[in-house]
Amino acid sequence: MLLIGGRIPTETVLGALLVFRLTYYLLPLALSMILLAGNEIALHRPSTRRIVESYRRWSAPVVPPVLALTTFVAGAVLLFRGPCRRSNRGCSG
């Protein structure tokens, strides 16, 4: 906050920092806790074992290529949008 030196309002910086902390730390923690609880419940119930096993058989060949594709697309977007933000004129100049 001291390095910004009044160029950006304090409320804006604190809001951005709070949103960053929530998304970067708390959202993955909450999601992983939900997934772990769901997995434990599913593994200890005989009625849901069949559903979990069918999901695992279906998702094993699909999930890695989908994650690879989304990572590639996100990297391409960052690669091509990066130079546009450096100038005030955008990508036109």
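In this report, we go over the structure that sits alongside the text. (Residues numbered from 1 in each chain as written. Predicted model: local features only at pLDDT ≥ 70, side-chain atom pairs only at ≥ 80, totals over all residues. Heavy atoms only, no water.)

## As for the overall build of the protein
Then, in step 1: Within the protein one finds 2 helices and 0 strands.
Then, in step 2: For the protein, the residues scored as buried account for 6% of the 93 residues in total.
Then, in step 3: Surface exposure of the protein reaches about 8,500 Å², of which carbon and sulfur atoms provide 71%. (Helix = DSSP H or I, 4+ residues; strand = E, 2+ residues; numbered from the N terminus. Buried < 20%, exposed > 50% of the residue type's maximum accessible area, 1.4 Å probe, protein only. Areas by Shrake-Rupley, 256 points an atom, 1.4 Å probe, with all protein chains shown as cover.)

## Quick word on the pattern of salt bridges
Then, in step 1: For the structure on display, the rule yields 1 salt bridge.
Then, in step 2: Notably, a salt bridge pairs R56 with E53, separated by 3.4 Å at the nearest N-O pair. Residue R56 and its partner E53 are both found in helix 2 (residues 46-86); the two are separated by 3 residues, about one turn of the helix.
Then, in step 3: A residue is classified by how much of its surface remains accessible, and R56, at 38% relative accessible area, is partly exposed. (Salt bridge = Lys/Arg side-chain N within 4 Å of Asp/Glu carboxyl O.)

## Comments concerning the layout of surface pockets
Then, in step 1: Volume-wise, the largest pocket comes out at about 170 Å³.
Then, in step 2: Elements that contribute at least two residues to the lining of the largest pocket include exactly helix 1 (10-44) and helix 2.
Then, in step 3: Residues that form the lining of the largest pocket fall into these classes: 4 nonpolar, 2 polar and 1 charged. (1 Å grid on protein atoms, 1.4 Å probe; cavity = no way out; pocket = protein on both sides within 12 Å on 5 of 7 lines; lining within 4 Å. Points joined across faces, edges and corners; volume = space filled by probe spheres on them. Nonpolar A, V, L, I, M, F, W, Y, C, P; charged D, E, K, R; others polar.)

## Describing the packing of aromatic side chains
Geometrically, a pair of aromatic rings is defined through the distance of the ring centres and the angle of the planes.
Then, in step 1: Enumeration over the complete set of coordinates arrives at 3 aromatic pairs.
Then, in step 2: Taking 5.1 Å as the distance between ring centres and 85° as the angle between the ring planes, the aromatic pair formed by Y24 and Y25 counts as edge-to-face.
Then, in step 3: For Y24, a relative accessible area of 53% translates into the label exposed.
Then, in step 4: Residue Y25 is classed as partly exposed on the basis of its relative accessible area of 43%. (Phe/Tyr/Trp six-rings, centres within 6.5 Å; stacked < 30°, edge-to-face > 60°.)

## What to know about a nonpolar patch on the surface
Then, in step 1: On the surface, a nonpolar cluster with roughly 1,000 Å² of combined accessible area is contributed by L14, L17, L18, F20, L22, Y24, Y25, L26, L29 and M33.
Then, in step 2: Mapped onto the elements, L26 comes out in helix 1.
Then, in step 3: Accessibility expressed as a relative area gives 46% for L26, which makes it partly exposed. (Patch = residues over 30% accessible without salt bridge, like charges linked within 9 Å, V, L, I, M, F, W, Y side chains within 5 Å.)

## Comments concerning helix 1
Then, in step 1: For helix 1, spanning 35 residues, the distance from its first C-alpha to its last is 50 Å, which sits close to the expected 51 Å at 1.5 Å a residue.
Then, in step 2: Of all the bends in helix 1, the largest measures some 35° and sits at L26, one to four residues before the proline P28. (Expected span 1.5 Å × (residues − 1). Bend = angle between axes of the 7 residues up to and from the residue.)

Any link to function would need more than the numbers given here.
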